[in-house]
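Letter by letter, the chains look like this.
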Amino acid sequence: MPHPSTAQDSHAAPLRLADASDADAAAEEAEAGQARFDELIAEDSRIEPRDWMPADYRKSLARQISQHAHSEIIGMQPEGNWITRAPSLKRKAILMAKVQDEAGHGLYLYSAAETLGTARETFYDQLYTGRAKYSSIFNYPARTWADIGAIGWLVDGAAITNQVPLCRASYGPYGRAMVRVCKEESFHQRQGWEILHTLSHGTDEQHQMAQDAVDRFYGPALQMFGPPDTDSPNSQQSMAWNIKRFTNDELRQRFVDMIVPQAEALGLTLPDPDLAWNEERGHYDFGELDWDEFFAVLKGQGPLSSQRLEHYRRARDEGAWVREAAAAYARRQAAAEPVGA
Ligand code: FAQ
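Residues numbered from 1 in each chain as written. Predicted model: local features only at pLDDT ≥ 70, side-chain atom pairs only at ≥ 80, totals over all residues. Heavy atoms only, no water.

A.B. asks: Give me the site of the ligand: which residues, what numbers.
C.D. replies: Around the ligand lies a shell of 36 residues, among which Gln67, Lys133, Ser232, Lys244 and Asn248 are the nearest. At a separation of 2.8 Å, a nitrogen atom of the ligand approaches a polar backbone atom of serine 136. Within the backbone of glutamine 223, a nitrogen or oxygen atom sits 3.3 Å from a nitrogen atom of the ligand. Isolated, the ligand exposes 1100 Å² of accessible area, and the fraction of that covered by the protein chains is 91%. Counting only elements with at least two residues in the shell around the ligand, the list comes to helix 2 (55–74), helix 4 (89–114), helix 6 (145–163), helix 7 (172–200) and helix 11 (291–301). (Near = heavy atom within 4 Å. Polar contact = N/O pair within 3.5 Å; in protein donor to acceptor, adjacent residues only side chain to side chain. Areas by Shrake-Rupley, 256 points an atom, 1.4 Å probe, with all protein chains shown as cover. Helix = DSSP H or I, 4+ residues; strand = E, 2+ residues; numbered from the N terminus.)

A.B. asks: Lay out the pattern of salt bridges in plain terms, naming residues and giving numbers.
C.D. replies: Opposite charge on two side chains makes pairing possible when the charged atoms of those side chains draw close. In total, this model carries 13 salt bridges according to the counting rule given. Arginine 245 is paired through a salt bridge with aspartate 44; the nearest N and O atoms lie 2.8 Å apart. With arginine 245 in the loop between helix 9 (235–240) and helix 10 (248–266) and aspartate 44 in the loop between helix 1 (4–42) and helix 2, this pair connects stretches of sequence that are 201 residues apart. Residue glutamate 194 is joined to arginine 91 by a salt bridge in which the shortest nitrogen-to-oxygen separation is 2.7 Å. Residue glutamate 194 is found in helix 7, and its partner arginine 91 is found in helix 4; the two are separated by 103 residues along the sequence. Within this structure, Glu79, Lys98, Glu102 and Asp156 form a network of salt bridges that share partners. (Salt bridge = Lys/Arg side-chain N within 4 Å of Asp/Glu carboxyl O.)

Purely geometric numbers; function is a separate question.
Now the structure itself:
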């Protein structure tokens, strides 16, 4: 009878050989995958879900796309709050359509994120448990009807400025989702502009309401582009991967340049005494934003951070029976109708 350790060794040796050849094959595959990935990025082509991609690329995309999806979903709250109080039937119908669009954007984005290999329930749980980030802007209250105008004009305006370049993001499902999202965001921005224009040219009180909304939303809207480039740990790599095409500061500048003449046309002022045309740069200079406030909001200390999350949790809990019923129905349908029948 062989010695126990000899017996073990005689079984273990071929296994180690198999392990080694598997590891070699995996390394070769990764090397070829990386080379193909680098080639696709260098020629500005798209990466698709079944393509090999570096683990960090996958992780960073899942991070950005899921945060983006969460923003759309939480972003329904400030405006949803005004559906019952919209000043006319027409305004109510428009606002309902807009809020539904935001839900749709969230769903396209969760679908795009899911193609990276993480189930959407995992992303939902990250939001539910407060571990996920979503856009800082949605932690601010919509106090008056004019805020709905300011959200459309400034928040959707900032979203479009940020998202148009994302239509060219290297990850196919994300870029394609952005094309449709941007078309809808353009309508959203337009309706916000129209609300503010009406108020701005209404009574003195209405004009003041519009000005007050712009005063409160201007700074937080500029912060939607993210921290200054010097404080943006993800930008450089995201740009090397052709996910982001411009830095946070570049897009912020583009947005300021766009809204200054629009504010003039609205008859409203932007609340920044340092705002001035810089002939040499060919851009508007603008004042420093309150970055302490921004980072506090990111830590969950925004004016309505806990309320937003609580509302999301309540809606999710109360909707559990609908999801269960839909899943049971889908199972029953699948059992009754064999695939291809
Ligand atoms: N709020 O290194 P960076 C909308 C985080 S959709 C919260 O510069 P990155 C439609 C960032 O995630 C609005 N967190 O990061 C709508 C990172 O954290 P992490 C949402 C922020 O990714 C309208 C850390 O700080 N849009 O409005 C914010 O390169 C009306 C370091 O920052 C998108 O999500 C922020 N503002 O650049 C709906 C667009 N900024 O993950 C309803 C897609 C940064 O390392 C009503 N996303 N952080 O822990 C992007 O373009 C980018 O992710 C940026 C941030 C530009 C947001």
